[in-house]
Amino acid sequence: MPQRRSLPKTASVATQQEDGRLYAPSAARNTEAITAVALDIAPKQEGSALELASGTGQHVVALAAALPHLRWQPSDVDPERRDSINAYAQQAGLANIAAAANLDATMAGWGDTHTGQNFILLVNLLHLVSTPEARTLIAEAGIALANNGSLMIYGPFMRDQDLISEGDATFHASLQAQDPEIGYKSDFDIVEWGQNAGLDFVDMIEMPANNLAIVMRKPI
């Protein structure tokens, strides 16, 4: 992701632990809900899973433990976060987590170098990037997915073009005050961009704290 102006402190809060891991309270809160949906929609057979913008690494260790038949590739553009991801994976001792990849999911081209993915997960990124970057990410995910592979996007979204709570409106405004190109995206736009990338809409799941899990699948 290209370098941006500093975001509001509420956008991505993580504290450093003594062992090199970063701890994000938001990841601790949403990991269980995200894992529950992933268990339902991810492939049941052996395959490859890619987490985009893995952040601290809290999600991927939980997912790798819950879905041991998948080979998990975490990724992040931030070297400090990649170090944290690797520290979490080392502590967990799971053989199905690869070393964190340096991957900027908002840049064109990564889909061709990460093909054959049976499951791709993105958590809490699209409101922090511009609309062109979000569209590029989804288009590249469509390239990277194997046939019948699923894309799960979790985060805060507008419902159509509406912000559904005062908290969402405040957060969206704080993001745009820092960078007018970023902020909440419409759930319907995400589905449309996915369809433009050759993906079929599967489900839109209401999640805790007004978040959504949007699920799309690449046709066989």
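Refer to the structure printed above.
This text gives an overview of the structure that appears in the document. The numbers attached to residues start from 1 for each chain and follow its sequence in the written order. Totals for whole chains, interfaces and linings use every residue, but because this is a predicted model, local features are given only for residues with pLDDT of at least 70 and side-chain atom pairs only at 80 or more, for both listing and counting. By convention in this description, side-chain values take in all heavy atoms of the structure and omit both hydrogens and water.

**Quick look at helix α2 (residues 58-66)**
Our working rule: A simple rule labels every residue: compare its accessible area, found with a 1.4 Å probe on the protein chains alone, to the largest value its type can have, and call it buried under 20%, exposed over 50%, or partly exposed in between. For helices the rule is a DSSP run of H or I covering at least 4 residues; for strands it is a run of E covering at least 2, with both sets numbered from the N terminus onward. What makes two residues a contact is simply this: any of their non-hydrogen atoms within 4.5 Å.
Within the span of α2, buried status applies to Q58, H59, V60, V61, L63 and A64. Elements in contact with the buried residues of α2: β2 (22-23), α1 (25-41), β3 (47-52), β4 (70-76), α3 (79-92) and β6 (117-123).

**Points about the side chain of E133**
Rule in force here: Any pair of nitrogen or oxygen atoms within 3.5 Å is treated as a polar contact; in protein, a donor-acceptor pairing is required on top of that, and neighbouring residues in sequence qualify only through side-chain atoms on both sides.
Note that E133 resides in helix α5 (residues 131-144). Of note is the side chain of E133, whose polar atom sits 3.0 Å from the backbone nitrogen of S130.

**Points about the pattern of salt bridges**
The following threshold applies: For this analysis, a salt bridge means a side-chain nitrogen from Lys or Arg found within 4 Å of a carboxyl oxygen belonging to Asp or Glu.
Enumeration over the complete set of coordinates arrives at two salt bridges. One salt bridge connects D19 with R21, and the closest N-O pair in it is separated by 2.7 Å. Judged by relative accessible area, D19 falls into the partly exposed class, the value being 42%. Residue classification places R21 among the buried residues on the basis of a relative accessible area of 16%. Put simply, E206 and R159 hold a salt bridge, and the shortest N to O gap is 2.9 Å. With a gap of 47 residues between them, E206 in strand β8 (residues 200-206) and R159 in the loop between β7 (145-156) and α6 (166-178) connect regions that are remote in the sequence. By relative accessible area, R159 is classed as buried at 14%.

**Observations concerning the packing of α5 against helix α7 (residues 187-196)**
Keep this limit in mind: Lines fitted to C-alpha atoms define the axes, with helix axes restricted to the stretch in contact, and inter-axis angles between N-to-C directions lie between 0 and 180 degrees. Angle categories are assigned with fixed cut-offs, so that under 35 degrees is roughly parallel, over 145 is roughly antiparallel, 65 to 115 is roughly perpendicular, and the rest are oblique. Left-handed describes a crossing whose near helix is turned anticlockwise from the far helix by less than a right angle; the clockwise case is right-handed. By the convention adopted, Pro, Cys, Tyr, Trp, Phe, Met, Ile, Leu, Val and Ala count as nonpolar, Lys, Arg, Asp and Glu as charged, and the other residues, Gly among them, as polar.
Relative orientation of the contacting elements α5 and α7 amounts to 45 degrees, with a least axis distance of 9 Å. With respect to each other, α5 and α7 are oriented oblique. Considering only the axes of α5 and α7, their crossing is right-handed. Side by side, α5 and α7 meet where T131, A134, R135 and I138 of the first sit next to I190, W193, G194 and N196 of the second. Counted by class, the contact of α5 with α7 contains four nonpolar, three polar and one charged residues.

Remember, this is a structural readout, not a statement about activity or role.
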